[in-house]
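Read off the chains here:
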Amino acid sequence: MEPVITRTLILLVLFTISTAAPLQDAAVQDAAPDRCGGVEFDAITPNEKGNTLFFKGVHVWNGFTGPAQLSSLLFKELNGPINAAFRMHNTENPDDHDHIYLFQDDKVYSYFNQTLEEGYPKQIPEDFPGVPTHLDAAVECPKGECMADSVLFFKGQNVHVYDIATKAVKTKTWPHLPSCTSAFRWLEHYYCFHGHNFTRFHPVSGEVTGAYPKDARHYFMSCPNFGHGGNRKPLKCSNVKLNAATTDDGGRTYFFAGPIYMRVDTHRDGFHAFPITRAWKEVNDGVDAVFSYDSKIYLIKGDQVYIYKADAHFTLIEGYPKTVKEELGIEGTVDAAFVCPTENIAHIIQGNSMRDVDLTATPRVISRDFPLPLSDIDAGLCGDDGIRLFKGSQFYYYESPRILAMGRIAPVASDITSALMG
């Protein structure tokens with residue numbers, strides 16, 4: 001009987017060993033925190049596909065909805081919690097652009113498509129000289145929002161602004177901002193997370209405007225009994241009515257509708273409408289027409305023109321607004337306006353006429369006037385692929401301003417689709 005007992009014991013030991021690891025993983029998975037219960041995140045970053053990763057302890061949420069999973073399943077070399085994370089914005093260096101950097105104590109990991117880059121992990125000063133270890137948070141800040149492509153590293157009340165190209169570090173102290181345990185850039189806005197709350201701040205000045213802090217569960221995740229949208233449903237494309245549209249010199253496209261605007265330069269990061277006054281605080285209750293020229297954006301409202309410099313943030317040029325007559329030599333209400341890439345002509349649509357204004361001339365006056373086979377145009381947008389004139393939930397396409405000016409019969413209208421506006 002002794003050999004039988006021995007074999008039985010061996011089988012029991014083997015069974016215990018084979019089941020211990022899965023049971024342990026299941027126990028860890030069951031212990032995953034509930035972010036709807038109120039979580040202070042360790043780090044937040046979008047990945048190279050635009051999905052947002054929320055880190056807490058050894059767990060991560062992949063997106064605004066769904067359960068937590070072990071972070072080691074996505075980043076197998078990680079062992080334990082991280083302190084900070086960001087997605088690199090460095091279009092001039094494809095070897096770094098869109099890589100995900102994870103910071104753990106005094107080390108930094110670089111991943112692309114969940115694959116650890118050769119030579120990592122490294123000591124933080126080796127990769128980011130002048131940046132302290134044991135960080136609290138980090139966030140990317142592209143040129144145009146910061147003065148240069150940069151990374152903001154947070155530790156206590158200090159913010160270390162790291163210039164990606166020069167590797168120079170400038171340290172600022174923002175005592176008015178809460179101590180950030182994570183930071184996140186979303187749709188050109190910047191958020192400091194602390195506890196289960198967040199505070200929106202300006203990435204250059206650290207300025208906080210508006211009523212903060214706010215509960216993250218209302219905005220950055222889907223939780224029962226939370227949400228800031230009420231019972232509103234997403235607007236259907238068939239119900240869209242634009243007031244204006246433009247693409248600036250940096251390739252960012254803006255759509256204006258009523259008192260809101262939406263920027264759609266990068267589809268992977270999603271879409272969201274914001275009040276026009278958030279970016280152009282002097283303009284209330286919507287615009288009639290908008291166009292971009294020479295690193296400036298022109299907002300036309302009634303008989304007034306507001307011109308803003310498009311630097312790290314929009315700044316109203318001194319002396320504005322001015323009248324449309326004084327600035328553009330145009331009388332009457334403007335329905336739509338656009339400037340095509342590499343051109344110096346503002347095409348102004350009024351009723352069923354298109355009036356061209358040479359923006360290099362002084363004073364500016366109407367240089368040419370063309371009748372159009374269309375009227376009641378809401379907005380115009382010109383890009384490398386042609387012109388779109390929007391009317392209600394449809395648009396008319398023309399290959400060039402010349403074809404638009406010479407046309408006598410309107411083309412067949414196309415419907416606005418989610419592919420165009422999101």
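Keep in mind that what you see is a predicted model, and the values were worked out from it rather than measured.

K.L.:
Mind showing me how you'd approach the overall build of the protein here?
P.N.:
Scanning the protein from N- to C-terminus turns up seven helices and 34 strands. Among the 422 residues that make up the protein, the fraction classed as buried is 45%. In the protein, of all internal contacts separated by at least 6 residues, the share reaching a separation of at least 24 is 42%. For the protein, the computed accessible surface area is about 20,800 Å², with 52% contributed by carbon and sulfur atoms.

K.L.:
What am I meant to see in the state of the cysteines here?
P.N.:
Note: disulfide means a covalent bond formed between the sulfur atoms of two cysteine side chains. Applying the stated criterion across every chain yields a total of four disulfides. Covalently, C141 is tied to C146 through a disulfide, its sulfur atoms 2.0 Å apart. Between C141 and C146, the S-S torsion sits near 100°, and that sign places the bridge as right-handed. As far as burial versus exposure is concerned, C141 and C146 are alike and both buried. If you count the bonded cysteines of the protein from the N-terminus, they pair up as 1-6, 2-3, 4-5, 7-8.

K.L.:
Sorry if this is basic, but what is going on with the nonpolar core here?
P.N.:
In this structure, F193, F220, F256, W280 and L299 are the most contacted members of the largest nonpolar core, which totals 32 residues. For this core, the secondary-structure elements that each account for two or more residues are β14 (182-186), β15 (189-194), β19 (253-257), α4 (276-279), β23 (296-301) and β24 (304-310). Every residue in contact with F256, bar those within four places of it in the chain, is listed here: L242, N243, A244, A245, T246, Y261, I276, W280, V287 and V290. By size, the runner-up hydrophobic cluster in this structure holds 30 residues, among which are V60, V108, L116 and V131.

K.L.:
Looking at this structure, I do not really get the environment of S110. What am I missing?
P.N.:
Looking at the element boundaries, S110 is found in strand β7 (residues 107-112). A residue is classified by how much of its surface remains accessible, and S110, at 1% relative accessible area, is buried. Remark: the alpha-carbon pair of S110 and P121, spanning eleven residues in sequence, is separated by 7.2 Å.

K.L.:
Mind showing me how you'd approach the sheet that holds strand β12 (residues 158-163) here?
P.N.:
Working definition: the strands of a sheet are paired by backbone hydrogen bonds and lie parallel or antiparallel to each other. Judged by pairing direction, the sheet is antiparallel, and its four strands sit side by side in the order β10-β11-β12-β13 without closing on themselves. For this open sheet the edge positions go to β10 (137-141) and β13 (169-173), each flanked by a neighbour on one side alone. In this sheet, neighbouring strand axes are inclined to one another by 20° on average, regardless of whether the strands run parallel or antiparallel. With six bridges connecting them, strand β11 (residues 150-155) and β12 associate as antiparallel partners. Of the residues in β12, the one forming a bridge with F154 is V159.

K.L.:
Even after reading the chapter, I still don't get the sheet that holds strand β18 (residues 244-247), so can you show me in this structure?
P.N.:
Pairing is antiparallel across the open sheet formed by four strands, whose spatial order is β18-β19-β20-β21. Looking along the sheet, the strands with just one partner apiece sit at the ends: β18 and β21 (273-275). Strand-to-strand twist in this sheet, taken as the mean axis angle between neighbours without regard to direction, amounts to 25°. The pairing of β18 with β19 spans four bridges and is classified as antiparallel. Bridge assignment links T247 to a residue of β19, and that residue is T253.

K.L.:
Teacher, can you tell me more about the environment of C141 here?
P.N.:
Of note, C141 is situated in strand β10. Overall, the relative accessible area of 0% leaves C141 in the buried class. In the structure, C141 is positioned 52 residues away from H89 in sequence and 7.5 Å away in space, judged by C-alpha atoms. When near neighbours in sequence (up to four residues on either side) are disregarded, C141 contacts C146, A148, D149, S150, L152, Y190 and P203.

K.L.:
When you look at the pairing of strand β3 (residues 59-62) in this model, what are you seeing that I'm missing?
P.N.:
Sheet topology places strand β2 (residues 52-56) next to β3; four bridges connect them, and they run antiparallel. Bridge pairing in β3 places F55 opposite V60. The loop that links β2 with its antiparallel partner β3 comprises two residues; one of these, G57, has a positive phi angle of about 60°. A loop of six residues connects β3 with strand β4 (residues 69-70), the two strands running antiparallel in sequence, and G63 in this loop sits at a positive phi of about 115°.

Reading guide: rules and limits
Within each chain, residues carry numbers counting from 1 in the order of the written sequence. Given that this is a predicted model, residues contribute local features only at a pLDDT of at least 70 and side-chain atom pairs are listed and counted only at 80 or more, while totals for whole chains, interfaces and linings are drawn from all residues. Note that water and hydrogens are dropped before the side-chain values are worked out from all heavy atoms of the structure. Secondary structure elements follow DSSP: runs of H or I no shorter than four residues count as helices, runs of E no shorter than two count as strands, and numbering proceeds from the N terminus. Throughout this description, buried means an accessible area under 20% of the type-specific maximum (1.4 Å probe, protein chains only), exposed means over 50%, and partly exposed covers the range between. The criterion used for residue contact is that any of the two residues' heavy atoms lie within 4.5 Å. The method behind every accessible area is Shrake-Rupley, applied with a 1.4 Å probe, and residues are considered shielded solely by the protein chains displayed. Pairs of cysteine sulfur atoms within 2.5 Å are what we label disulfides. We define the nonpolar core as a collection of buried residues of types Ala, Val, Leu, Ile, Met, Phe, Trp, Tyr and Cys that are connected through side-chain atoms lying within 4.5 Å of one another. The pairing criterion for strands is at least two bridges between them, as found by DSSP. To define axes, lines are fitted to C-alpha atoms, for helices over the stretch in contact only, and angles between the resulting N-to-C directions are given on a 0 to 180 degree scale.

In short, geometric facts, not functional conclusions.
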